[in-house]
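A look at the structure
What follows is the residue order along each chain.
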Amino acid sequence: MNELLENVNWGNMWQATVETLYMSALAVLATFILGVLLGLILYMTDKGNMWENNPIHLVAAAIVNVFRSIPFIILIILLVPFTTFIVGTMLGPSAALPALVIGAAPFYARLVEIGLREVDKGVIEASQSMGANQWHIIFKVLIPESLPALISGITVTAITLVSYTAMAGVIGAGGLGDLAFREGYQRSNPDVTLVATAAILVIVMILQWVGDRIIYRIDKR
């Protein structure tokens, strides 16, 4: 076994795994917050909803559609000046965070909007008839009723973010993607690439399992 993995530096592999987890965790948290806000704006400003406002809805939809459509590797390059301004460098795990969040939040916002649309209009109308204000409807009706869809969406988005971290690693963000490319591919060490890929797969499977368990517990349908 050691001979098969003779090129794998387990210390470096562990460090790369920690970097991937760091990037993924912070990006998921920021994406969840920003995505819920964007999704609420998309839903609430749409025709027939409480904040109906066509210009704001069109602007929000355009922003979401544009950033969802840009391939992530190109987005990283486009955001180099912004990232350098915010973080001070384009290298390292922290430098990947702006691109990760900007790339994933619009995707998740659409999933949030879809989840909110699935909430029974009758429940909303009943809450309004009982005197609930807009904020009560949002936090006591819309979000709780759509929570299984929101968790399912963030699970899918988290898995996408793990793959994004691998792409970000190719241009120096660190993590398992960087290790697989720099130590594995460029130095012709397929065992390094294989182990790094296996580590990414384990992270993805754990994320999916955790997401499924949470949905199972909160979904009362």
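See the structure above.
On a predicted model such as this, the values are computed, not experimentally measured, just so you know. (Residues numbered from 1 in each chain as written. Predicted model: local features only at pLDDT ≥ 70, side-chain atom pairs only at ≥ 80, totals over all residues. Heavy atoms only, no water.)

**A word on the overall build of the chain**
- A count of helical and extended segments in the chain gives nine helices and zero strands.
- When the helices and strands of the chain are read in sequence order from the N terminus, they spell out α-α-α-α-α-α-α-α-α.
- By its C-alpha atoms, the chain is 70 × 40 × 25 Å across when sized along the principal axes.
- Distance between charge centres in the chain, computed from 12 positive and 15 negative side chains, equals 8 Å. (Helix = DSSP H or I, 4+ residues; strand = E, 2+ residues; numbered from the N terminus. Lys, Arg positive; Asp, Glu negative; His and termini not counted. Charge placed at Lys NZ, Arg CZ, Asp CG, Glu CD.)

**What to know about the nonpolar core**
- Counting 17 residues, the largest nonpolar core has Ala27, Phe72, Ile76, Ala96, Leu100, Leu161 and Ala168 as the members making the most contacts within it.
- Of all the secondary-structure elements, those providing two or more residues to this core are helix H1 (10-44), helix H3 (72-78), helix H5 (93-117) and helix H7 (134-170).
- Sort the elements by how many residues they give to this core and H5 lands first, with six residues.
- Those residues in contact with Ala96, other than ones at most four positions away along the chain, are Met23, Ala168 and Ala173.
- Core analysis: the second largest hydrophobic core is formed by 16 residues, Tyr43, Met44, Val112 and Ile143 among them. (Core = buried A, V, L, I, M, F, W, Y, C linked by side-chain atoms within 4.5 Å. Buried < 20%, exposed > 50% of the residue type's maximum accessible area, 1.4 Å probe, protein only. Contact = heavy atoms within 4.5 Å.)

**Considerations on the packing of H5 against H7**
- Interaxial distance between H5 and H7 falls to 9 Å at its minimum, and their mutual angle equals 150°. Classified by the interaxial angle, the pair formed by H5 and H7 is roughly antiparallel. Our pair here, H5 against H7, has a crossing hand that is right-handed.
- Partitioned by chemical class, the residues of the contact of H5 with H7 number 16 nonpolar, seven polar and no charged. (Axes fitted to C-alpha atoms, helices over the stretch in contact; angles between N-to-C directions. Parallel < 35°, antiparallel > 145°, perpendicular 65-115°, else oblique. Left-handed = near helix turned anticlockwise from the far one by under 90°. Nonpolar A, V, L, I, M, F, W, Y, C, P; charged D, E, K, R; others polar.)

**Observations regarding the packing of H1 against H7**
- In contact at an axis separation of 9 Å, H1 and H7 are set at 140° when each is read in the N-to-C sense. Of the possible angle classes, the one that applies to H1 and H7 is oblique. Relative to H7, the crossing made by H1 is right-handed. Residues Thr20, Met23, Ser24, Ala27, Val28, Thr31, Phe32, Leu40, Tyr43 and Met44 of H1 pack against Ile138, Leu142, Ile154, Thr157, Ala158, Leu161, Val162 and Thr165 of H7.

**A few points about the packing of aromatic side chains**
- Counted according to the given criterion, the structure contains five aromatic pairs.
- When the ring of Trp135 is compared with that of Phe139, the centres are 6.3 Å apart and the planes differ by 20°; the resulting orientation is stacked. Linking Trp135 with Phe139, this pair stays in helix H7, spanning four residues, or about one helical turn. With respect to class, Trp135 is no different from Phe139; both count as exposed.
- Relative to Tyr185, the ring of Phe181 lies with its centre 5.8 Å away and its plane at 20°, an arrangement referred to as stacked. (Phe/Tyr/Trp six-rings, centres within 6.5 Å; stacked < 30°, edge-to-face > 60°.)

**Quick look at the environment of Phe85**
- With respect to the secondary-structure elements, Phe85 resides in helix H4 (residues 80-87).
- With relative accessibility at 69%, the residue Phe85 sits in the exposed group.
- When the C-alpha positions of Phe85 and Ile206 are compared, they lie 34 Å apart, and in sequence the two are 121 residues distant.

**With respect to the environment of Phe82**
- Within the fold, Phe82 resides in helix H4.
- Residues in contact with Phe82, not counting those within four places in the same chain, are Pro98 and Ile102.

**Things to note about unusual backbone geometry**
- Despite not being glycine, Ser188 has its phi angle at roughly 55°, a positive value.
- Within the element layout of this structure, Ser188 appears in the loop between helix H8 (175-185) and helix H9 (190-218).
- Ser188 gets classed as exposed once you look at its relative accessible area, which sits at 60%.

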